[in-house]
Structures are given as C-alpha cells and as structure tokens.
Amino acid sequence: MSVVVLISGRGSNLEALLRAGIPVAAVISNVAGAGGLAIASKRGIPTKLVKHGDFPSREAFEAVLAAEIDRLAPKLVVCAGFMRIVTAGFVERYAGRMLNVHPSLLPAFAGLHTHERALAAGVKVHGCTVHLVTPELDAGPIVIQAAVPVRDGDTADTLAARVLRQEHLVYPRAVRWFLEGRLVIENGLVRVKGGDAQCIFSDND
Ligand code: GAR
C-alpha cells in the first residue's frame, strides 16, 4: 500500500505528504543535496540518489530509476517536484499509477516558469493541478485542481507561495484517494468515488 516519491529539490510537497500520513516507502532524487532528501532522512525514510548526469542516455538513467522503484513494489509513484522529462517507455511502465503535481491550472501553462507566465498573461485566476502522468508533458487526466486569485502587486514569488499552499492541501488528498482505490478513470477523465470535491477555490490569503 506504499508509495515511492520522486523529487529533485526542496521537498515541501513531500513534507506535506508525510505530514498527512501518506505511507512513503522511499524517496528517490535525481539531484544530489535536494532538500527533500534531508526531510525524508529526518523521518527515517530510506532515500536513494539516482543522478541523471551519471548516465549516458535518458533510457540508461530510467532503467536504474525503474529498478530502484520496482524493488519496492509501490502501489503508486508520486512525482513531487521531480524536474526530469521522462520517456514514454518509463511512463507506460507506471501507467495509471503515477501522479504529478503541477503549479498551474492545466491545460494552461504546462512546462516551466508557470507563475511568471501567468502574471505575464494577466490571468486573474491561477492554481495547481494533480494529474495522472501520461507520455505528453503535463497533460494527463486531472484528479484535482485548486484555484487562487492573482492579486494586484503579485510577484512570481508571492503567487508561487499562494499556489504552493494549495499544492500541500490537494496532493495528499489525491494520493489518499488513489490508495483507497477511489479514483475512476472513464474516457480519460477522473472521477472520485464518494463524490469528494475535485476543485478547491481559495480566496483567503
Ligand atoms: C512545486 O511547486 C511543484 O508543483 C513543481 O515544483 C515545485 C516543487 O516544490 N513541479 C513542477 O513544476 C513539475 N512540472 P517542492 O520541492 O517544494 O515540492
């Protein structure tokens, strides 16, 4: 019933998952010194470093990454700030059991620098999305979204912080739904058994 979490950096989403009691079997980072590794170690959760730079190709990196994941036989693979584009082969291996959190209201602002791009576009609502991972970047079936207002005077940093607070709320929720077997995928759309809200509107910070 456990999950493996893939990270590349700070690890605040990992921390939110742990705080929520999500059973994390191990944390794997592709970046040495990623903050999330220390967060995991502090809680006694096994960590592993698989540095993409150590491998001659994407496929070679992913073969070792997949071997590390599969050794733990997790029910779910959770990408939490894992900043590595993976091949279709890797995605297929975990089809239907790999989640990602993305800092925008997809399908708007797939890719990088989402907060800067949201501000530049002048959108008035921004947010985050938890979705199943499919071969197309940031485009898999949407599990839950949280929306926040874009306020006058926002910078990319203030907006990112507002969105991140929602990431920490919705990601554990989505992971728990998955582990409880409550996600139903029909025609590429996700429904939650029991009818819990799959959208959050937060206007209070
Ligand atoms: C989060 O904002 C997450 O949405 C984003 O990286 C940050 C990681 O923060 N992920 C992506 O942009 C993936 N495309 P964290 O390390 O503190 O969880």
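Keep in mind that what you see is a predicted model, and the values were worked out from it rather than measured.

**Topic: the packing of aromatic side chains**
Going through the model one piece at a time under the given rule, you end up with two aromatic pairs. Summarising the aromatic geometry, the rings of phenylalanine 55 and phenylalanine 61 are spaced 6.0 Å apart at their centres and angled 55° between planes, so their arrangement reads as tilted. We classify phenylalanine 55 as partly exposed; its relative accessible area is 25%.

**A closer look at helix H5 (residues 114–121)**
Every buried residue belonging to H5 is among Thr114, His115 and Ala118, and all of these are buried. The buried residues of H5 all sit within an arc of 95° when viewed along its axis, so they share a single face. Tucked inside the fold, the buried residues of H5 contact strand S5 (98–102), strand S6 (125–132) and helix H6 (156–179). Directly beyond the C-terminal end of H5, a positive phi value near 75° is found at glycine 122.

**Here we look at the environment of valine 143**
Checked against the element boundaries, valine 143 lands in strand S7 (residues 142–149). C-alpha separation for the pair valine 143 and valine 192, spaced 49 residues apart in sequence, amounts to 8.1 Å. Residues within four places of valine 143 in sequence aside, it is in contact with Leu99, Val130, His131, Leu132, Ala174, Trp177, Leu183, Val190 and Gln198.

**Structural notes on the sheet that holds strand S10 (residues 199–201)**
A sheet is described by the order of its strands in space; here eight strands give the open sequence S3-S2-S1-S4-S5-S6-S7-S10, paired in mixed fashion. The sheet terminates laterally at strand S3 (47–49) and S10, the two strands that pair on one side only. Taking each pair of neighbouring strands and ignoring which way they run, the sheet shows an average axis angle of 15°. In terms of strand pairing, S7 meets S10 through three bridges, oriented parallel. By the bridge assignment for S10, alanine 147 is matched with phenylalanine 201.

**Digging into the pattern of salt bridges**
One pass over the full model with this rule turns up nine salt bridges. Here aspartate 70 makes a salt bridge to arginine 93, at a shortest N to O gap of 2.7 Å. One end of the pair, aspartate 70, is in helix H3 (residues 58–71); the other, arginine 93, is in helix H4 (residues 88–93), with 23 residues separating them in the sequence. For aspartate 70, a relative accessible area of 31% puts it in the partly exposed group. When its relative accessible area of 46% is taken as the criterion, arginine 93 is described as partly exposed.

**What to know about the site of the ligand**
Around the ligand sit Arg10, Gly11, Ser12, Asn13, Gly81, Met83, Val101, His102, Pro103, Leu164 and Glu167, and those are all the residues in its vicinity. Measuring from an oxygen atom of the ligand, one finds a side-chain N or O atom of serine 12 at 2.5 Å. Within the side chain of histidine 102, an N or O atom sits 3.3 Å from a nitrogen atom of the ligand. Here the ligand loses 87% of its free accessible area of 450 Å² to cover by the protein chains.

**Some details on the packing of helix H1 (residues 12–19) against helix H2 (residues 35–42)**
Two numbers describe how H1 lies on H2: the axes approach to 8 Å, and their chain directions differ by 20°. In terms of orientation, H1 lies roughly parallel with respect to H2. The residues of H2 that touch H1, namely those facing Leu14, Glu15 and Leu18, are Gly36, Ile39 and Ala40. Partitioned by chemical class, the residues of the contact of H1 with H2 number four nonpolar, one polar and one charged.

**Examining the pairing of S6**
Looking down a regular strand, the side chains alternate between one sheet face and the other. Burial runs high along S6: seven of the eight residues are buried. Sheet topology places S5 next to S6; four bridges connect them, and they run antiparallel. Paired with histidine 102 across the strands is threonine 129, a residue of S6. Bridge analysis of S6 against S7 gives seven bridges, and the strand direction is antiparallel. Looking at the pairing, glycine 127 lines up with alanine 147 of S7.

Reading the values: rules and limits
Residues numbered from 1 in each chain as written. Predicted model: local features only at pLDDT ≥ 70, side-chain atom pairs only at ≥ 80, totals over all residues. Heavy atoms only, no water. Phe/Tyr/Trp six-rings, centres within 6.5 Å; stacked < 30°, edge-to-face > 60°. Buried < 20%, exposed > 50% of the residue type's maximum accessible area, 1.4 Å probe, protein only. Helix = DSSP H or I, 4+ residues; strand = E, 2+ residues; numbered from the N terminus. Arc of directions from axis to C-beta. Contact = heavy atoms within 4.5 Å. Pairing = 2+ DSSP bridges. Axes fitted to C-alpha atoms, helices over the stretch in contact; angles between N-to-C directions. Salt bridge = Lys/Arg side-chain N within 4 Å of Asp/Glu carboxyl O. Near = heavy atom within 4 Å. Polar contact = N/O pair within 3.5 Å; in protein donor to acceptor, adjacent residues only side chain to side chain. Areas by Shrake-Rupley, 256 points an atom, 1.4 Å probe, with all protein chains shown as cover. Parallel < 35°, antiparallel > 145°, perpendicular 65-115°, else oblique. Nonpolar A, V, L, I, M, F, W, Y, C, P; charged D, E, K, R; others polar.

All we've got here are geometric facts, nothing functional implied.
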